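One-letter residues, chain by chain:
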Amino acid sequence: MKRSGCLAFAAVPLLVTAAVYLLTPAHSDEAAASQGTYQAPRSGEDAKARAERSEDDEVIADLPAGLAAPRKKDLAQQIVASAENSTLDWRSAYGYIEDIGDGQGYTAGIIGFCTGTHDLLTLVQRYTDEHPANGLARYLPALREVDGTDSHAGLDPHFTGAWKAEAKVPAFRTAQDKERDRVYFDPAVRLAKLDGLGTLGQFIYYDAMVFHGPGTDPNGFYGLREKALKEANSPSQGGKEKQFLDVFLDVRRNAMRAKNPHIDTSRIDTAQRQFLYDGNLDLRTPLVWKVYGETYKVA
């Protein structure tokens, strides 16, 4: 490991977080422009951010695969699916779609893409760019209209059926995998590694990214991480891994409760925190955990 790279990252967590966020493909110029928020970066700032990313790439190249190892990644999908879809068979969720009443419109697919949070629109748009003659393309105008709201205008009554039908197409399942990795998995694992976190910490970041979204606002993933860093040092800053992760989970749990005092936080309390208190920083199997009162086991 090139410790100098990790230490350089730790010295300016907010600036590097911004660089990681802005240079992640999920937050490309095209995506920002579609939301009316894009401003072209100055060439000097852009070059500096890319240089920092190159240094971070060198650091990550020296680290173990961690959660990105195929078996660990599949395990991560199972744990997330236990909370998102109440199953370990995460591949069964490609065709899942319903409005769960959380104010984000329809929630769908393997990672809970939402019609109200831009990621479902981006998924369908990118899929349509590669496969124009698909069963969801005709809903793009409606998806643009309802983006940022919980409205079903232009989607009912046939959008849910179209989603389920398209989920039977291998290319659309692949598109969901790619968008999950591009928006959630890859950025979370990357930043966790730069923070000096092991496989469990990488998963904790990933699950937080899935649930809270990749936002820099106080309740988005990056905002929650910054708040945790104000309370405890990450391992790359010289802190203790278990202590930092405990603080991060507290910050995340408080954010969930602040938004909804009655929300079930068992995906933290009887899953991730249990792994942490067991000292399972490598997320070794066998694993046993509970979500929403149901017990799950992976041999």
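Predicted, not measured: the structure shown is a model, and the values here were computed from it.

Looking now at helix 10 (residues 199–212). A turn of α-helix holds 3.6 residues, and therefore any two residues three or four places apart point the same way. Counted at 1.5 Å a residue, the expected span for helix 10 with its 14 residues is 20 Å, and the 20 Å between its end C-alpha atoms agrees. By the criterion of burial, helix 10 is predominantly enclosed, with 13 of the 14 residues buried.

Another aspect to go through is the packing of aromatic side chains. Scanning all chains against the criterion turns up 13 aromatic pairs. When the centroid spacing of 6.3 Å and the interplanar angle of 40° are considered together, the rings of tyrosine 106 and phenylalanine 159 count as tilted. One end of the pair, tyrosine 106, is in the loop between strand 1 (97–98) and strand 2 (107–108); the other, phenylalanine 159, is in helix 8 (residues 159–166), with 53 residues separating them in the sequence. Tyrosine 106 gets classed as buried once you look at its relative accessible area, which sits at 8%. The buried category is assigned to phenylalanine 159, whose relative accessible area is 1%. Where tryptophan 163 meets phenylalanine 172, the ring centres are 5.0 Å apart and the plane angle is 85°; that geometry is what we call edge-to-face. Note on phenylalanine 172: relative accessible area 0%, which makes it buried. Three or more aromatic residues joined by ring pairs form one cluster here, namely Tyr106, Tyr127, Tyr139, Phe159, Trp163 and Phe172. The lysine or arginine in question, lysine 73, covers the ring of phenylalanine 185, its NZ or CZ lying 4.8 Å from the ring centre.

Right, let's get into the nonpolar core. Judged by nonpolar contacts, the single largest core of 76 residues is most densely connected at Leu143, Phe159, Trp163, Tyr205, Tyr206, Leu283 and Trp289. Residue contributions to this core peak at nine residues, all from helix 9 (residues 170–194). Aside from chain neighbours lying at most four places away, what touches leucine 283 is Leu67, Lys72, Leu75, Ile79, Thr199, Leu200, Phe203 and Phe275.

Criteria and cut-off values
Residues numbered from 1 in each chain as written. Predicted model: local features only at pLDDT ≥ 70, side-chain atom pairs only at ≥ 80, totals over all residues. Heavy atoms only, no water. Helix = DSSP H or I, 4+ residues; strand = E, 2+ residues; numbered from the N terminus. Expected span 1.5 Å × (residues − 1). Buried < 20%, exposed > 50% of the residue type's maximum accessible area, 1.4 Å probe, protein only. Phe/Tyr/Trp six-rings, centres within 6.5 Å; stacked < 30°, edge-to-face > 60°. Lys NZ or Arg CZ within 6 Å of the ring centre and 35° of its normal. Core = buried A, V, L, I, M, F, W, Y, C linked by side-chain atoms within 4.5 Å. Contact = heavy atoms within 4.5 Å.

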